[in-house]
Number of protein chains: 2
Amino acid sequence: MPELADRLLAGEQRALSRVISMLERGDPSAVEVMRDIDAHTGRAYTLGITGPPGAGKSTIVDQLTRHLRGIHQRVGIVAVDPTSPFSGGALLGDRIRMQRHYLDSGVFIRSVATRGQAGGLPRIVKGIARALDAAGCDVVIVETVGVGQTELGIMSVADTVAVALIPEAGDSIQALKAGVMEIADLYVVNKADRDGADQMAASVTAMLQMSLTTPDWVPPVTMTAAHTGQGIEELWEKLQEHRTYLETSGNLSKRRGEHRTQEFLEVVEEELVRRLRRLVQTDPSLLAKLERVAARDAEPYSAALEFLNDSTLNPGLLTTPTR
Amino acid sequence: MPELADRLLAGEQRALSRVISMLERGDPSAVEVMRDIDAHTGRAYTLGITGPPGAGKSTIVDQLTRHLRGIHQRVGIVAVDPTSPFSGGALLGDRIRMQRHYLDSGVFIRSVATRGQAGGLPRIVKGIARALDAAGCDVVIVETVGVGQTELGIMSVADTVAVALIPEAGDSIQALKAGVMEIADLYVVNKADRDGADQMAASVTAMLQMSLTTPDWVPPVTMTAAHTGQGIEELWEKLQEHRTYLETSGNLSKRRGEHRTQEFLEVVEEELVRRLRRLVQTDPSLLAKLERVAARDAEPYSAALEFLNDSTLNPGLLTTPTR
């Protein structure tokens, strides 16, 4: 689809929307577009923001976007909606305040739901970020609600990962131990006008000093009161410092290379699963095996490993093109 | 490991704990045990309970266990801990009240975390439930915090799925539209002593009437105030009605057969991914391809599909045993 790729590269928002939709539903034509635009990517700076619900991430993104527009940067925003089947509505409400940017042609906003995708979300978000990059965005911001490991995985799209925290969240410090600390390049203590903000910032700083972080970059702890815009400019400066650090240390291309190989592996995994699901519907010997498992004539776990080690069945799973 | 299987079948709790740990860490010996005990499973009634955080699921499980012990039933409980890296501590607090059952040899309680497992959680929970069944549990209860699609997937272990709701959760009705309704066999409106409980029950009932549910089983809506034990006996009666329905309609063996084939497919998928990860470390041509992707000489998405369609690479992925 060279025409669609060209329109995307020219920055046409409708072409961008269409490519993103193709990525989301696993349309085979998306592969060609992604291949055609790849040489035109790598210019955008990609920022990931995560943190617990209620930390004000959407407000930070909103204010950061406002700031970036003031300095003539084109901004792409990918808002990843939460996985929870029980709390969807409430968390999405925050996004409404982004609406003022919808009429600005220098801002492209896309929400991605964690349900109903044809592929894995970390992989799709990487594709969307690259499409935004190719379409001319200077900064791509990926915002996720930190409610699961999937959301942490999505952060593997970003050059810089910022973790938003709030003063009153005692759990936040616990969270840092649970995998968040490993991905954070910068901390934002938001709602800094509330009691306990300084204390929270001090706790995070203390924790950083105790841990074995890389000696060449110690994540800064910044403070914002995003609803008033306070601290946003300083936040952007700190983000830029991290970007400069990445560039001068050679870690930018290293990190981006790792993200690309991860994406490769994610696609292979998804495709293997898709081919297996197809084989279930078409392969008589697999169907017979599944019937034996269902009828209690074979135990599921051991039967599955037997199936994988049966070389007469396997080649078809990988070599039959399904597209 | 025939000796371990025998000890598990004799109901020895230490053997049970050991097998579950083996399942969790993907120990190859677990496969043999699962195969050896399979013929001794199928006797236990497996109940899944899910619902939003704060719905009182742990209290319901606690009181139901108390009731079941009163009628001399052996109970196995699998408590699936939440995925969230940000809210782990708070949600787990509820589990503390289960402690009174820890000294009762007729109750076996196991917490399973959603992090750090060698395999997919839905598959591991199915294995644990079967081990509990083989060890002589009359009732197996699987409780999950409904914070993600994974948790809904875990419910594919249960004969009967109960969804707990609370009066004040306006989001709950939204949730029913987001996939929960499809898996619920029964609703429990808990905290029925609070305002709005009757209204919540009426809303759920109305929604059930509007939807195209199976005509042969309409999910009942029961009410409990689990912290006082109110409604627990009636809840158990309704659960038994569903069990009887499943048995007399032939749906019990059908549903269990589906769960077994799902488990088979889950194991195959996990194993494929594991073999891919291993191949990354050992296969020179795949490594070369990954390096090209990282260095921007190849685009990740299209390169992954090319790799899958390259028959000279693929057979090794599936046929090389990794255990």
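This text follows the structure it describes.
Source: prediction; values computed, not measured.

Glancing now at helix α2 (residues 13–25) of chain B. A rise of 1.5 Å per residue sets the reference length of α2(B), with its 13 residues, at 18 Å; its end C-alpha atoms lie 19 Å apart and thus fit the reference within 8%. Those residues of α2(B) hidden inside the fold are in contact with α13 (300–308) of chain A together with α1 (2–9), α3 (29–37), β3 (107–112) and α6 (121–134) of chain B. In the stretch just after α2(B), B:Gly26 is the one whose phi turns positive, near 70°.

Side chains three or four residues apart in an α-helix point the same way, a direct result of the helix having 3.6 residues per turn. Residue and element names in this part refer to chain A. Within the sequence span of helix α1 (residues 2–9), burial applies to Leu4, Ala5 and Leu8. Down the axis of α1, the buried side of the element spans an arc of 100°, and every buried residue falls inside it. Turned more than 90 degrees off the buried face of α1, the exposed positions are Pro2 and Glu3. Buried residues belonging to α1 abut α2 (13–25), α3 (29–37) and α6 (121–134).

Right, let's talk about the nonpolar core for a bit. Judged by nonpolar contacts, the single largest core of 138 residues is most densely connected at A:Leu8, A:Val142, A:Phe264, B:Leu8, B:Val142 and B:Phe264. Other than its neighbours up to four places away in sequence, B:Leu8 contacts B:Ala15, B:Leu16, B:Val19, B:Ile37, B:Ala131, B:Ala134 and B:Ala135.

So, on to the pairing of β3(B). Looking along a regular strand, one sees side chains alternate from face to face of the sheet. Residue and element names in this part refer to chain B. Burial runs high along β3: five of the six residues are buried. Note: strand β2 (residues 75–80) against β3, six bridges, orientation parallel. From the neighbouring strand, Val78 faces β3, where its bridge partner is Arg110.

Residues and elements named next belong to chain A. For Lys191, the position within the fold is in the loop between β6 (186–189) and α9 (197–210). A distance of 2.8 Å separates a polar side-chain atom of Lys191 from the backbone oxygen of Gly54. Beyond its immediate sequence surroundings of up to four residues, Lys191 is in contact with Gly54, Ala55, Gly56, Ile166, Pro167, Ala197, Thr224 and Ala225.

Moving on: the environment of B:Glu306. Residues and elements named next belong to chain B. Looking at the secondary structure, you find Glu306 in helix α13 (residues 300–308). A residue is classified by how much of its surface remains accessible, and Glu306, at 47% relative accessible area, is partly exposed. Sequence separation between Glu306 and Ala39 is 267 residues, and the spatial gap between their C-alpha atoms is 44 Å.

Let's shift gears to the sheet that holds β6(A). Residue and element names in this part refer to chain A. Strand order in the open sheet formed by seven strands is β3-β2-β4-β1-β5-β6-β7, and the pairing between neighbours is parallel. Of all strands in the sheet, those with a lone pairing partner are β3 (107–112) and β7 (221–223), marking the two edges. In this sheet, neighbouring strand axes are inclined to one another by 20° on average, regardless of whether the strands run parallel or antiparallel. Inspection of the sheet shows strand β2 (residues 75–80) paired to strand β4 (residues 139–144) by six bridges, in the parallel sense. Looking at the pairing, Val80 lines up with Thr144 of β4.

All right, on to the packing of aromatic side chains then. Taken as a whole and assessed by the stated rule, the structure comprises six aromatic pairs over all chains. Geometrically, the ring pair formed by A:Phe307 and B:Phe264 is tilted, given 5.9 Å between the ring centres and 50° between the ring planes. One end of the pair, A:Phe307, is in helix α13; the other, B:Phe264, is in helix α11 (residues 251–282), on a second chain. A:Phe307 sits in the buried class, given a relative accessible area of 1%. When the ring centre of B:Tyr301 is taken as origin, the NZ or CZ atom of A:Arg123, which lies over that ring, is 4.8 Å away.

Helix-helix packing is characterised by the crossing angle of the two axes and by the distance between the axes. Residues and elements named next belong to chain A. At a minimum axis distance of 5 Å, the contact between helix α10 (residues 232–249) and helix α11 (residues 251–282) shows a crossing angle of 90°. One finds that α10 runs roughly perpendicular with respect to α11. Facing α10, whose interface residues are His242, Tyr245, Leu246, Glu247 and Ser249, α11 presents Asn251, Leu252 and Arg255. For the contact of α10 with α11, the per-class residue count stands at three nonpolar, three polar and two charged.

How each quantity is defined
- Residues numbered from 1 in each chain as written.
- Chains lettered and ligands numbered in written order.
- Predicted model: local features only at pLDDT ≥ 70, side-chain atom pairs only at ≥ 80, totals over all residues.
- Heavy atoms only, no water.
- Helix = DSSP H or I, 4+ residues; strand = E, 2+ residues; numbered from the N terminus.
- Expected span 1.5 Å × (residues − 1).
- Contact = heavy atoms within 4.5 Å.
- Buried < 20%, exposed > 50% of the residue type's maximum accessible area, 1.4 Å probe, protein only.
- Arc of directions from axis to C-beta.
- Core = buried A, V, L, I, M, F, W, Y, C linked by side-chain atoms within 4.5 Å.
- Pairing = 2+ DSSP bridges.
- Polar contact = N/O pair within 3.5 Å; in protein donor to acceptor, adjacent residues only side chain to side chain.
- Axes fitted to C-alpha atoms, helices over the stretch in contact; angles between N-to-C directions.
- Phe/Tyr/Trp six-rings, centres within 6.5 Å; stacked < 30°, edge-to-face > 60°.
- Lys NZ or Arg CZ within 6 Å of the ring centre and 35° of its normal.
- Parallel < 35°, antiparallel > 145°, perpendicular 65-115°, else oblique.
- Nonpolar A, V, L, I, M, F, W, Y, C, P; charged D, E, K, R; others polar.

Everything listed here is a matter of coordinates, which is why it stays silent on function.
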